[in-house]
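An overview of the molecular structure
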Amino acid sequence: AILSDAAKGGLPTLVYLRDSFPDAARTALQSSLRANMGDGWTDRVTSFLRSQTGARSLAPRDGNDPDAILSRAEQALNHGDVAAALAEVQTLPSQGQDAMGNWIATAKQRLDAQTAVAELAKQIGAE
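Residues numbered from 1 in each chain as written. Predicted model: local features only at pLDDT ≥ 70, side-chain atom pairs only at ≥ 80, totals over all residues. Heavy atoms only, no water.

In this section: the overall build of the protein chain. For the protein chain, the helix and strand inventory stands at seven helices and zero strands. Of the regular secondary structure in the protein chain, the N- to C-terminal order runs α-α-α-α-α-α-α. Carbon together with sulfur atoms contributes 52% to the accessible area of the protein chain, which is approximately 7,500 Å² in total. (Helix = DSSP H or I, 4+ residues; strand = E, 2+ residues; numbered from the N terminus. Areas by Shrake-Rupley, 256 points an atom, 1.4 Å probe, with all protein chains shown as cover.)

Pasting the structure below:
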């Protein structure tokens, strides 16, 4: 069924996912930062400025903050690993995930189709 649906409308390409990720990530970062501005005054000012400028890490970083998560997701995506990128994005705060909803749905569509093709190839090979 997944492949039939994809045959009608096409599948998102890896290039499309890579090209659309930066804008989706900026929006997700802004939403995540606004949802958790921090405890202290300096945390709040820093979060506010970061959310206003849209600045985010482009090199992969360690950590559990939204910026680090998005940097690792983008690295995985640039290496063609849509599953790893999705796994990272799904660890964002709910506000960040909501902001990336369209990108997540598109990436899942591609991943589901890849899984269906692999299963179909396995079935054909077993015959």
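So, about the confidence of the model for the protein chain. Mean pLDDT over the protein chain works out to 84, with 80% of the residues at or above the 70 mark. Across the protein chain, element-level confidence peaks in helix 5 (residues 82-89) with a mean pLDDT of 97 and bottoms out in helix 3 (residues 41-53) with 53. (pLDDT = per-residue confidence, 0-100.)

Quick look at helix 4 (residues 66-78) now. For helix 4, with 13 residues, the first-to-last C-alpha span of 18 Å sits near the 18 Å given by 1.5 Å per residue. The first or second residue beyond helix 4 is glycine 80, which carries a positive phi of 80°. (Expected span 1.5 Å × (residues − 1).)

For the rest of this paragraph, the subject is the side chain of threonine 106. Summarising the element assignment, threonine 106 is placed in helix 7 (residues 101-126). Overall, threonine 106 belongs to the buried group, its relative accessible area being 18%. (Buried < 20%, exposed > 50% of the residue type's maximum accessible area, 1.4 Å probe, protein only.)

The next point concerns the pattern of salt bridges. What the rule picks out here adds up to two salt bridges. We note a salt bridge from arginine 26 to aspartate 23, for which the minimum N-O separation is 2.6 Å. With a gap of three residues between them, arginine 26 and aspartate 23 both fall in helix 2 (residues 14-35), about one helical turn apart. Notably, a salt bridge pairs glutamate 88 with arginine 72, separated by 3.1 Å at the nearest N-O pair. Of this pair, glutamate 88 sits in helix 5 while arginine 72 sits in helix 4, placing them 16 residues apart in sequence. (Salt bridge = Lys/Arg side-chain N within 4 Å of Asp/Glu carboxyl O.)

Turning our eyes to something else, we now look at the packing of aromatic side chains. Tallied over the entire structure, the rule returns one aromatic pair. Taking 5.2 Å as the distance between ring centres and 75° as the angle between the ring planes, the aromatic pair formed by phenylalanine 21 and tryptophan 103 counts as edge-to-face. Of this pair, phenylalanine 21 sits in helix 2 while tryptophan 103 sits in helix 7; the two residues are 82 residues apart in sequence, bridging distant segments of the chain. Pair check on accessibility: phenylalanine 21 and tryptophan 103 agree, each one buried. (Phe/Tyr/Trp six-rings, centres within 6.5 Å; stacked < 30°, edge-to-face > 60°.)

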